[in-house]
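Listed here are the chains, written in short residue letters.
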Amino acid sequence: MLGKKLVTAQKRGETRALCLGLGMVACSMMMYFFIGITIVPFYTKSVWTTESVCKVLKANIKDKVFCPNTEGSEDEEIFPYPCLQVWVNLTASGQEVMLYQTEDTLERNPKCSYVPGNLENAKEVKARIETIASNFKKYQTFPCYYDPGGTQTNVILSRLYPSKGLLFAFLWPTLMFTGGCLIVVLVKISQYVSVLSAWQ
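Because the structure is a prediction, the values reported are computed rather than measured. (Residues numbered from 1 in each chain as written. Predicted model: local features only at pLDDT ≥ 70, side-chain atom pairs only at ≥ 80, totals over all residues. Heavy atoms only, no water.)

**A few points about the overall build of the chain**
Phase 1: Helix and strand counts for the chain come out as four helices and five strands.
Phase 2: Along the chain, helices (α) and strands (β) appear in the sequence α-β-β-β-α-α-β-β-α when read from the amino end.
Phase 3: Sorting the 200 residues of the chain into buried and exposed places 28% on the buried side.
Phase 4: Just so you have it, the chain exposes about 13300 Å², and 62% of that area is on carbon and sulfur atoms. (Helix = DSSP H or I, 4+ residues; strand = E, 2+ residues; numbered from the N terminus. Buried < 20%, exposed > 50% of the residue type's maximum accessible area, 1.4 Å probe, protein only. Areas by Shrake-Rupley, 256 points an atom, 1.4 Å probe, with all protein chains shown as cover.)

This is the structure we're talking about:
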């Protein structure tokens with residue numbers, strides 16, 4: 001009687017472990033799919049892939065421009081902000097080009113090097129842009145990214161999805177997938193050993 005209870009408990013434990021392993025594999029596949037339709041397209045779309053050194057030539061704050069909100073938004077022209085334009089010398093080509101913070105900055109407003117993310121407080125936005133401008137004048141040499149194919153003649157300060165960030169995004173689903181497969185394999189080995197023991 002005790003032996004039957006132990007066998008039943010063992011089978012339940014194996015079933016739960018098997019469900020856990022398969023669940024982890026399924027979740028990891030869903031994470032792979034989510035990363036594949038969200039992060040990977042932005043990574044492959046970016047043409048600023050080569051790192052170089054940029055030296056600031058001038059950093060000026062122009063007249064205020066309107067907030068580039070989503071089309072159709074009622075607040076499209078409510079939040080004007082100072083337009084920071086940073087021109088740098090790209091070491092790789094020796095050309096004078098305009099610097100943008102990220103790929104998204106160029107899409108949101110190609111006239112400005114920096115687009116504030118929070119435009120609710122005009123004083124904070126102005127102070128932040130002035131601080132950024134002074135930092136560029138203080139630290140004039142820094143790494144930047146440019147398009148080696150020449151499609152884009154401008155440069156960006158940092159990539160939204162760098163190679164390390166993409167690898168880190170794939171790290172967790174890979175660990176989950178490996179752990180799930182390992183659990184399934186261990187359960188199958190345990191079942192195989194149990195069958196061999198029963199035949200002896």
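On we go.
**Points about the state of the cysteines**
Phase 1: A complete count under the given rule lists two disulfides for this structure.
Phase 2: Each sulfur of the disulfide joining C54 and C144 lies 1.9 Å from the other. For the disulfide bridge between C54 and C144, the dihedral angle about the S-S bond is near 75°, and by the sign convention the bridge is right-handed. Taken as a pair, C54 in strand β1 (residues 50–65) and C144 in strand β4 (residues 141–146) lie far apart in primary sequence, 90 residues in all. Per residue, the accessibility class of C54 equals that of C144, and both read buried.
Phase 3: What pairs with C83 in a disulfide is C112, and their sulfur atoms sit 2.0 Å apart. Torsion about the S-S bond of the C83 and C112 cystine: about -125°, corresponding to left-handed handedness. Within this pair, whereas C83 is found in strand β2 (residues 81–90), its partner C112 is found in the loop between α2 (103–108) and α3 (122–138), the two being separated by 29 residues in sequence. The same class applies to C83 and to C112, which are both buried. (Disulfide = S-S within 2.5 Å.)

**Topic: the nonpolar core**
The tendency in soluble globular proteins is for nonpolar side chains to be buried as a group.
Phase 1: Counting residues in hydrophobic clusters, the biggest one holds 23 residues, and the most contacted among them are V88, F136 and V155.
Phase 2: At the level of secondary structure, the elements contributing two or more residues to this core comprise β1, β2, β3 (96–100), α3 and β4.
Phase 3: Here this core gets six residues from one element, more than from any other, and that element is β2.
Phase 4: Aside from chain neighbours lying at most four places away, what touches V155 is W48, C54, V88, L90, V97, M98, L99, Y100, Y145 and Y146.
Phase 5: Judged by nonpolar contacts, the second largest core, of five residues, contains W48, M98, L106 and I156. (Core = buried A, V, L, I, M, F, W, Y, C linked by side-chain atoms within 4.5 Å. Contact = heavy atoms within 4.5 Å.)

**As for the environment of V86**
Phase 1: You can see V86 is positioned in strand β2.
Phase 2: Separated by 51 residues in sequence, V86 and K137 place their C-alpha atoms 9.7 Å apart.
Phase 3: When residues no more than four places from it in sequence are discounted, the contact partners of V86 are K58, A59, V97, M98, L99, S113 and F136.

**Digging into the environment of S163**
Phase 1: Here S163 is to be found in helix α4 (residues 163–199).
Phase 2: Residue class for S163 comes out partly exposed when judged on its relative accessible area of 37%.
Phase 3: For the pair S163 and T49, spaced 114 residues apart in the sequence, the C-alpha separation amounts to 9.3 Å.
Phase 4: In this structure the side chain of S163 is engaged in a polar contact, spanning 3.0 Å, whose partner is the side chain of Y43. (Polar contact = N/O pair within 3.5 Å; in protein donor to acceptor, adjacent residues only side chain to side chain.)

**Brief notes about a nonpolar patch on the surface**
Phase 1: On the surface, a cluster of nonpolar side chains totalling about 660 Å² of accessible area is made up of L182, V185, L186, I189, Y192, V193 and L196.
Phase 2: In this fold, L182 is placed in helix α4. (Patch = residues over 30% accessible without salt bridge, like charges linked within 9 Å, V, L, I, M, F, W, Y side chains within 5 Å. Salt bridge = Lys/Arg side-chain N within 4 Å of Asp/Glu carboxyl O.)

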